[in-house]
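Descriptive analysis of the structure
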Amino acid sequence: MRAGPIPVPGLCLVACVLAALAPACCARGVALAVRVPELARAWVSRALDCGADAVMAPMLETVDQATQLVQWAKYPPLGGRGIEDEFQKSHELSYKPKK
């Protein structure tokens, strides 16, 4: 049997699908890779928040696109995941991830 990424049809279904798959994969020692349909922060964040170990995005053609994906996927200091710019501004936090 060939392992591969699990395509998720809609953002609203991601939580339900991954909530069922993530614990099963973890129990078997299998990494859960999710292929999102497009390079978008909402897709990347939702997949990782729901238990994906890895995210693959289609059609990354530039270094800037790859960098953006990493920024959305990694926590500080390697990325910006979990820090919302509006939250930072409203609470006057001084930390900004390196670009």
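Bear in mind that the values here come from a model prediction, so they are computed numbers and not experimental data.

With 68% of its residues at a pLDDT of at least 70, the chain reaches an overall mean of 76. Across the chain, the element-wise mean pLDDT spans from 48 in helix H4 (residues 85-91) up to 94 in helix H3 (residues 63-73). Here residues 86-94 is modelled with pLDDT under 50, and outside its nearest four sequence neighbours on either side it reaches 5 contacts, counting other chains as well.

Moving on, we get to unusual backbone geometry. Residue Pro77 is reached from Pro76 by a cis peptide bond, and omega for that bond is 10°. For Met59, which is not glycine, the phi torsion reads 55° and is therefore positive. Tracing the backbone through its elements, the reader meets Met59 in the loop between strand S3 (54-56) and H3. Given a relative accessible area of 63%, Met59 falls into the exposed group.

Quick look at the environment of Arg35 now. Topologically, Arg35 is positioned in strand S2 (residues 33-35). Arg35 sits in the partly exposed class, given a relative accessible area of 40%. As a C-alpha pair, Arg35 and Met56 span 21 residues in sequence and 4.5 Å in three-dimensional space.

Turning our attention to the pattern of salt bridges. All told, the structure shown has 1 salt bridge when counted by the stated rule. Between Asp49 and Arg81 there is a salt bridge whose closest N-O contact spans 2.6 Å. One end of the pair, Asp49, is in helix H2 (residues 41-49); the other, Arg81, is in the loop between H3 and H4, with 32 residues separating them in the sequence.

With that settled, the discussion passes to H2. Turning to H2, its buried residues are Trp43, Val44, Ser45, Ala47 and Leu48. Gly51 sits one or two positions beyond H2 and adopts a positive phi of about 115°.

Below, the discussion takes up H3. Restricting attention to buried positions, one finds in H3 the residues Leu69, Gln71 and Trp72. Down the axis of H3, the sector holding all buried residues measures 160°, keeping them to one side. Packed against the buried residues of H3 are H2.

Moving on, we get to the environment of Leu39. Take Leu39: it is sitting in the loop between S2 and H2. A residue is classified by how much of its surface remains accessible, and Leu39, at 26% relative accessible area, is partly exposed. With 33 residues separating them in the primary sequence, Leu39 and Trp72 have C-alpha atoms 10.0 Å apart. Ignoring anything within four residues of it in the chain, the contact list for Leu39 reads Ala57, Leu60, Gln65, Leu69 and Trp72.

Calculation notes
- Residues numbered from 1 in each chain as written.
- Predicted model: local features only at pLDDT ≥ 70, side-chain atom pairs only at ≥ 80, totals over all residues.
- Heavy atoms only, no water.
- pLDDT = per-residue confidence, 0-100.
- Helix = DSSP H or I, 4+ residues; strand = E, 2+ residues; numbered from the N terminus.
- Contact = heavy atoms within 4.5 Å.
- Buried < 20%, exposed > 50% of the residue type's maximum accessible area, 1.4 Å probe, protein only.
- Salt bridge = Lys/Arg side-chain N within 4 Å of Asp/Glu carboxyl O.
- Arc of directions from axis to C-beta.

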